[in-house]
Amino acid sequence: VDTLAGAINYGVGSKMQQSIGKQIIAITHSASVAANADRHVVIERSRKRKSSSSSTFIQTRVVDGASRRKEIARMASGDLVPGEAEAFADALIRDALNQKDSFTLDPPDLRL
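Notes on the structure follow.

Thoughts on the layout of surface pockets
In this structure, the largest pocket occupies an estimated 880 Å³ of space. If you trace the largest pocket, you find 27 residues lining it, with A26, A37, R39, H40 and V41 closest to the centre. Only helix 1 (2-18), helix 2 (31-34), strand 1 (40-50) and helix 3 (65-76) provide two or more residues apiece to the lining of the largest pocket. By residue number, the principal contributor to the lining of the largest pocket is strand 1, which donates four residues. Taken together, the residues that form the lining of the largest pocket break down as 13 nonpolar, eight polar and six charged.

Considerations on a nonpolar patch on the surface
A cluster of nonpolar side chains, namely V41, I43, I58 and V62, defines an oily patch on the protein surface of about 380 Å² accessible area. Elements with a minimum of two residues in the nonpolar patch: strand 1 and strand 2 (53-63). With respect to the helices and strands, the residue I58 is situated in strand 2.

Re the pairing of strand 1
Regular strands place side chains that alternate from one sheet face to the opposite one. By the bridge criterion, 11 bridges tie strand 1 to strand 2 in an arrangement that is antiparallel. If you follow I43 over to strand 2, its bridge partner there is T60. Taking the residues that link successive antiparallel strands as the turn, the strand 1-strand 2 hairpin has two residues, and the phi of S51 there is positive, at about 40°.

What about the nonpolar core?
Taken as a class, soluble globular proteins show a tendency for nonpolar side chains to be buried jointly. Residues A31, A34, A35, I72, A73, M75, A76, A85, A89, L92 and I93 constitute the largest nonpolar core, which totals 11 residues. Among the elements of the structure, helix 2, helix 3 and helix 4 (82-102) are those that each provide at least two residues to this core.

Focus on the pattern of salt bridges
Overall, the coordinates contain five salt bridges when judged by the stated rule. One salt bridge connects E86 with R69, and the closest N-O pair in it is separated by 3.1 Å. Residue E86 is found in helix 4, and its partner R69 is found in helix 3; the two are separated by 17 residues along the sequence. Of the residues examined, R69 reaches a relative accessible area of 27% and is grouped as partly exposed. The salt bridge involving K70 is made with E86; its shortest N-O contact spans 3.7 Å. Within this pair, whereas K70 is found in helix 3, its partner E86 is found in helix 4, the two being separated by 16 residues in sequence. Taken together, the shared-partner salt bridges in this structure form one network comprising R69, K70, E86 and D90.

Thresholds, definitions, all that
Residues numbered from 1 in each chain as written. Predicted model: local features only at pLDDT ≥ 70, side-chain atom pairs only at ≥ 80, totals over all residues. Heavy atoms only, no water. 1 Å grid on protein atoms, 1.4 Å probe; cavity = no way out; pocket = protein on both sides within 12 Å on 5 of 7 lines; lining within 4 Å. Points joined across faces, edges and corners; volume = space filled by probe spheres on them. Helix = DSSP H or I, 4+ residues; strand = E, 2+ residues; numbered from the N terminus. Nonpolar A, V, L, I, M, F, W, Y, C, P; charged D, E, K, R; others polar. Patch = residues over 30% accessible without salt bridge, like charges linked within 9 Å, V, L, I, M, F, W, Y side chains within 5 Å. Areas by Shrake-Rupley, 256 points an atom, 1.4 Å probe, with all protein chains shown as cover. Salt bridge = Lys/Arg side-chain N within 4 Å of Asp/Glu carboxyl O. Pairing = 2+ DSSP bridges. Core = buried A, V, L, I, M, F, W, Y, C linked by side-chain atoms within 4.5 Å. Buried < 20%, exposed > 50% of the residue type's maximum accessible area, 1.4 Å probe, protein only.

Written out as C-alpha cells, the structure reads:
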C-alpha cells in the first residue's frame, strides 16, 4: 500500500508541475505533493475550552525556506528520526525543483 500511495503522490506532484501557468490549490497530508508547491500554506486547527463550551480556531501561515523544509520533514516523518526526515525533505524539494526545470511553457503563438 505504501508503494502505491507513494506512486500516486509522485504522479500528483508531477501533474502539478506540468500545469505551468495554471493555479492549483491542493490540500494534502502528503510531503511529496507538498514539496511540489510554489507556495506552501500550513493550516492548523486548535480548540480552546472555556468551562462548559469550546471554540475551534483555524490558523494559516505561509512557510518557505527553512520553515518549509521543517514542515515537509514533519509531514514525512512517520517512523523516520528527525535527521532522516529532514534529509528526505531535502530530497523531495530537490526532486520537485528538478522537475520544474524540465518543464517549460511553449512560447505563445503571436500570429494574428
